[in-house]
Every structure is written in structure tokens, then in C-alpha cells.
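Report on the structure
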Amino acid sequence: MYPSRPAEFAYHRPTSVDEAVALLAEVEDSRPLAGGHSLLPAMKLRLSMPAALVDLGRIAGLDGIDDDGGALRIGALARHADVAASPLVQRLCPALAETAAGIGDPQVRNRGTIGGSLAHADPGADYPTVVSALGATVTAVSARGSRDLDADGFFTGVFTTALEPGELLTSVRIPATPASAYAKHPHPASGYAVAGAAAAVRDGAVRLVVGGVTGTPVDVSQAVAALGGRPSADEIAAAAARVPELLDGALGDTYASAEYRRHLGSVLARRALTQAFERR
Ligand code: FAD
């Protein structure tokens, strides 16, 4: 029988980033709490047993969605539903708005946050794949100061990122990329990506990233390096067919075998590329 209640924990509710990072530095084994849609289920199953939670929910100004010199600056606490509904996101990065609209169900979209999703780094999560393709930069703040990290290299393994203990992800900056698209094969119960592919065409370069297949998003842009201008459907299909050979270490589980996930990588890459080029 699985436990259905978390182990005991202390609860802190800071009202500023400074206060939050001070708590994370001072309180042993403390963890940030955002939407709680990944952390609380893990705590109820006792897969995660932090001694203290630092609830970010009362920190004002961490949920903004702004134009930052032609790029998007999205606060860590922006909910999936807010990202989906933002006219600015829809205009500058349609792939991101559509991704947010396709996460889970209304309850998940109304509670889950972009910062929580990126920090959690679930291999089946959608945002990591998309922000990697869009060339995003993540800002992390701790008691030691602030630093920017490229999405490339941010996701270091299953549920693991380059964030250091005590670091809070405060925002993500995403260059405007109207010619972008995301396609996923959703798990029928949760909506998590059994596999997903994000394509971005910007400044004459094409980026293609596949998620859900291995433990982290995989940059497979080398498969599409020759695509430019307005490629034909056959050229896109030929490029996408090269994707599976670049997906080393594919994971198999009860939902999908490793071979099936690699195959999905190719199918979804073709769909995402086709839509991204149509938006060019
Ligand atoms: P939390 O659960 O609060 O935190 C998750 C982790 O990130 C914790 O370790 C926490 O300490 C850490 N954390 C949170 N915020 C920060 C921060 N600012 N800085 C540093 N660390 C931080 N996701 C998808 O991508 N696609 C889906 O289709 C999908 N379907 C779902 C269906 C269900 C039924 C559920 C319950 C979840 C689903 N999710 C899906 C996950 C959902 O998007 C979560 O909201 C997300 O993974 C975590 O965001 P959160 O704000 O809830 O974070």
C-alpha cells in the first residue's frame, strides 16, 4: 500500500525573492514550492521528503510575461494557463503558447508554473523541449547572487538540472521566434509527452529538439542543417527520417518501448518542422 500523506515538514511563506533565497540557504533540506503539481504528489508518495517548504506563492512580481527588447521574459510563477492565453506569447512564440495550452488538464494549467516545470525537469514535460529549441536563457538567483544559464545544458538528467542547491529559478528569457512549433504524442491519461518535438526557424537557422525519448531534451538539429528557404514536404520528411539515429539512450517503459519512442521522434519532428516552416 502506498502512503497518501506527506512526511512532516516545516512551511515558510516569504514575500520577496531575497527572503526566499535566504530561507533556502539557511533552512536545511528546504525546497521551493510553486504550483505543487509535481512536488506534492511526490511528497504524498514519500518519493520526496523535504524537511521544509519555501512557498513562492506570495512573492509579488514573479509571474509577469513581458516584452524584453523583442524577447519574452516570463516570470517563474507564470501559470501554464497564463502563458497559453498571453497575446504577447502567441505573437512572439506561438509554439510556447500552444505548448502551455496542451499541458495536462485545466487544473494543472491553472496551478502549474513554468519555473516549476523547468526546475522539475521531468523527461515527459513539454516546456524543457520547447525552451531548448527556442534558445532560451534561465535566470537563477541564490544568496550568492544571480546567474544566467542557457537552456542548452540546463537539463542534465532525469529530474536533474544545472540549478545548484539554494538556487531559485526566477525567470526565463526566450528570443522572439514566430516560426516555431511543437508536436507531441500525449500520454492519454496525464497529457505528458510520450515523445515531443519542437522546431524553431530563426535568422536562417533551424533548431530541432526532441523530448520524452531519453532523460533530457536532445538537440537533433544536425538532422535538419541542410533545410532552408521553403523546403518541400519530401525534404522535410527526409530530414526527419534521420532523427531516430540521433536519439541514443532512448528509454522504454510500460507506456512505450524505446524503439517506438525513437520512431515517434521522427514523426513528430516532421509535424513540428512542417508547421514551423509554414509560419515563416
Ligand atoms: P512544483 O510541483 O511546485 O515544484 C516542482 C519542483 O520544482 C520541486 O522540486 C520544486 O522544489 C522545484 N521548483 C518549483 N519552482 C521552482 C523555482 N522557481 N526555482 C527552483 N525550483 C523550483 N507537465 C507537462 O509538461 N505536460 C503535461 O501534459 C503534464 N500533465 C500533468 C498532468 C497531471 C495530472 C499533473 C499532476 C501534472 C502534469 N504536468 C504536466 C506537470 C505540471 O506541468 C507541473 O505543474 C510541473 O511539472 C511542475 O510545476 P509546479 O509549478 O507545479 O512545481
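Residues numbered from 1 in each chain as written. Predicted model: local features only at pLDDT ≥ 70, side-chain atom pairs only at ≥ 80, totals over all residues. Heavy atoms only, no water.

**Quick look at the domain arrangement of the chain**
Buried accessible area, meaning the area lost when the parts come together, often serves as the stated size of an interface. Domain boundaries assigned for the chain yield domain 1 (10–55), domain 2 (65–174) and domain 3 (180–278). Measuring from the centre of the C-alpha atoms in domain 1 to the corresponding centre in domain 3 gives 34 Å. (Domains from an automatic or database assignment.)

**Here's the deal with the pattern of salt bridges**
Considering all chains together, one arrives at 11 salt bridges under this definition. Note that R279 is salt-bridged to E98, the shortest N-O span being 2.4 Å. Here the residue R279 occupies a position in the segment after α10 (258–278), and E98 occupies one in helix α5 (residues 94–101), the gap between them amounting to 181 residues. By relative accessible area, which is 36% here, E98 ends up partly exposed. Where E167 meets R147, a salt bridge forms, and the shortest distance between an N and an O atom there is 2.7 Å. Of the two residues, E167 sits in the loop between β9 (160–161) and β10 (168–175) while R147 sits in strand β7 (residues 145–150), which places them 20 residues apart along the sequence. (Salt bridge = Lys/Arg side-chain N within 4 Å of Asp/Glu carboxyl O. Helix = DSSP H or I, 4+ residues; strand = E, 2+ residues; numbered from the N terminus. Buried < 20%, exposed > 50% of the residue type's maximum accessible area, 1.4 Å probe, protein only.)

**Re the site of the ligand**
The full set close to the ligand counts 31 residues, and P32, G36, L39, T113 and D126 are the nearest of them. Here a nitrogen atom of the ligand sits 2.8 Å away from a polar atom, N or O, in the side chain of D126. Within the contact set of the ligand, an oxygen atom lies 3.1 Å away from a backbone nitrogen or oxygen of Y192. Contact with the protein chains removes 91% of the 970 Å² of surface that the ligand exposes when unbound. Mapped onto the shell around the ligand, the elements with two or more residues apiece are β2 (30–33), α7 (114–120) and β10. (Near = heavy atom within 4 Å. Polar contact = N/O pair within 3.5 Å; in protein donor to acceptor, adjacent residues only side chain to side chain. Areas by Shrake-Rupley, 256 points an atom, 1.4 Å probe, with all protein chains shown as cover.)

**Examining the side chain of T129**
Along the chain, T129 falls in helix α8 (residues 127–133). In this structure, T129 is in contact with Y182, G196, A197, A198, V209, V210, G211 and P217, ignoring residues within four places of it in sequence. (Contact = heavy atoms within 4.5 Å.)

**Some words on unusual backbone geometry**
Although it is not a glycine, R46 adopts a positive phi angle of roughly 60°. Structurally, R46 can be placed in the loop between α2 (39–44) and β3 (52–55). Here R46 falls in the partly exposed class, since its relative accessible area comes to 37%. In this structure, F159 takes a positive phi of about 55° despite not being glycine.

**What to know about empty space enclosed by the protein**
Evaluation of the coordinates by the stated rule reveals one cavity of 30 Å³ or more. Taken as a whole, the largest cavity spans an internal volume of roughly 60 Å³. Residue lining of the largest cavity: 13 residues in total, with D122, P123, G215, T216 and P217 positioned closest to the centre. Class assignment for the residues of the lining of the largest cavity results in six nonpolar, six polar and one charged. Split by domain, the lining of the largest cavity shows at least three residues from each of two domains, domain 2 (65–174) and domain 3 (180–278). (1 Å grid on protein atoms, 1.4 Å probe; cavity = no way out; pocket = protein on both sides within 12 Å on 5 of 7 lines; lining within 4 Å. Points joined across faces, edges and corners; volume = space filled by probe spheres on them. Nonpolar A, V, L, I, M, F, W, Y, C, P; charged D, E, K, R; others polar.)

**Points about the layout of surface pockets**
In this structure, the second largest pocket spans a volume of roughly 350 Å³. What lines the second largest pocket is a set of 14 residues, and nearest its centre among them are D122, G124, D253, Y255 and R261. Its residues placed into classes, the lining of the second largest pocket shows seven nonpolar, four polar and three charged.

**Re the sheet that holds strand β5 (residues 71–75)**
Strand order in this open sheet of five strands is β4-β5-β10-β6-β7, and the pairing throughout is antiparallel. The sheet is open, and its two edges are formed by β4 (65–68) and β7, each paired on a single side. The mean inter-strand angle of the sheet, taken between neighbouring strand axes irrespective of direction, is 25°. The sheet contact formed by strand β6 (residues 137–142) and β10 spans five bridges and is antiparallel. By the bridge assignment for β10, T139 is matched with S171. In this fold helix α1 (residues 17–26) packs onto β6 and β10, with an angle of close to 125° to the strand it touches most, β10. (Pairing = 2+ DSSP bridges. Axes fitted to C-alpha atoms, helices over the stretch in contact; angles between N-to-C directions.)

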